[in-house]
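Each chain, written out:
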Amino acid sequence: MKAVLVVDMINEFVKGKFGSERARSIVPNIAALLEGARSRGWPVFYLKDSHREGDPELRVWGPHAMAGTWASEVVDELSPKKGDAVIEKRWYDGFLETDLGERLRDLGVEEVVIVGISTDICVMHTAWGAFTRGLRILVPEDCTESISEENKRWALEYMKTVYGAEVVPSYRDLLRGS
Ligand code: ZN
């Protein structure tokens, strides 16, 4: 079974301090993917940065997406629906120090569709977490973004080469024939 992992589509990275037009551009595609996923019974997991004082990432990026604030909430356009899971994370990798891996295993998930931002940071590190748990990885290009086209391309290529991820042009390719 497939599950969808929605990485950091939260106010901070879409509309806030690190928001960008590139991040906003993928919101409708992710919304359409999630609708298709739910109707197929694929579990949906939101992974959201929810930092606490002292987290190592804050030394690199400054304070961002602090737990319990507006910045760490999923954007309204992609609000979690009944049955979706929301997991708070403190690292780029959504598997690290969370129960995501156990929950996917308990559901019998073998393949994860990873979407969101940024392709070269949290998406890529979460793909590593998935790889180390034996999960197959699918990334639809039109549901992930980065600070630049160059960073996005580089990270997609890296995930393909190093984690054996399957990168498809569109979420439509995933919904078709399944
Ligand atoms: Zn962070």
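Just above, that's the structure.
Residues numbered from 1 in each chain as written. Predicted model: local features only at pLDDT ≥ 70, side-chain atom pairs only at ≥ 80, totals over all residues. Heavy atoms only, no water.

Chemist: An account of the overall build of the protein is requested, with residue identities and associated values reported.
Modeler: Counting secondary structure elements, the protein contains eight helices and seven strands. Taken over the C-alpha trace, the protein has a radius of gyration of 15 Å; the compact-globule value for 178 residues is 16 Å, and the two agree within 12%. Seen through its C-alpha atoms, the protein measures out along the principal axes to roughly 45 × 35 × 30 Å. In the protein, which comprises 178 residues, the share counted as buried stands at 53%. (Helix = DSSP H or I, 4+ residues; strand = E, 2+ residues; numbered from the N terminus. Rg over C-alpha atoms; globule rule 2.2 N^0.38 Å. Buried < 20%, exposed > 50% of the residue type's maximum accessible area, 1.4 Å probe, protein only.)

Chemist: Give me the pairing of strand E3 (residues 85–89): which residues, what numbers.
Modeler: The two faces of E3 differ: Ala 85, Ile 87 and Lys 89 on one face are buried, but Val 86 and Glu 88 on the other face are not. Pairing of strand E2 (residues 44–49) with E3, which is carried by five bridges, proceeds in the parallel orientation. Across the sheet, residue Lys 48 finds its bridge partner in E3, namely Glu 88. (Pairing = 2+ DSSP bridges.)

Chemist: A description of the coordination of the zinc ion should follow, citing residues and the corresponding values.
Modeler: Donor atoms from the polypeptide that coordinate the zinc ion comprise Asp 49 (OD), His 51 (NE2), Glu 57 (OE) and His 64 (NE2), at 1.9 to 2.1 Å from the metal. One can describe the donor arrangement at the zinc ion as irregular, given that its four donor atoms subtend angles of 92 to 153° at the metal. Read in sequence order, the donor residues coordinating the zinc ion give the pattern D-x1-H-x5-E-x6-H. According to the relative accessible area criterion, Glu 57 is buried, its value standing at 4%. (Donors = N, O, S within 2.8 Å, 3.2 Å for Na, K, Ca; no water. Tetrahedral: all angles 85-135°; square planar, octahedral: opposite > 155°, others 65-115°.)

Chemist: Explain helix H3 (residues 27–40) to me, and be specific about the residues and the numbers.
Modeler: Its 14 residues give H3 an end-to-end C-alpha distance of 20 Å, which sits within 8% of 20 Å, the value for a rise of 1.5 Å per residue. For H3, the complete set of buried residues consists of Val 27, Asn 29, Ile 30, Leu 33, Leu 34, Gly 36 and Ala 37. Once H3 ends, the next one or two residues include Gly 41, with phi positive near 80°. (Expected span 1.5 Å × (residues − 1).)

Chemist: With reference to specific residues and values, describe the packing of aromatic side chains.
Modeler: Summed over all chains, the structure comprises seven aromatic pairs. Look at Trp 128 and Phe 131: their rings are 6.1 Å apart centre to centre, the planes differ by 35°, and that puts the pair in the tilted class. Remark: Phe 131 and Trp 128 occur in helix H6 (residues 119–132); sequence separation between them is three residues, near one turn of the helix. A relative accessible area of 42% places Trp 128 in the partly exposed class. Measuring from centroid to centroid gives 6.0 Å for Trp 154 and Tyr 158, while their planes differ by 35°, and the two rings are tilted. Here Trp 154 and its partner Tyr 158 are both found in helix H7 (residues 149–163), four residues apart, which amounts to about one turn of the helix. The class for Tyr 158 is partly exposed, based on a relative accessible area of 33%. Through successive ring pairs, a cluster of aromatic residues spans Trp 128, Phe 131, Trp 154, Tyr 158 and Tyr 163. (Phe/Tyr/Trp six-rings, centres within 6.5 Å; stacked < 30°, edge-to-face > 60°.)

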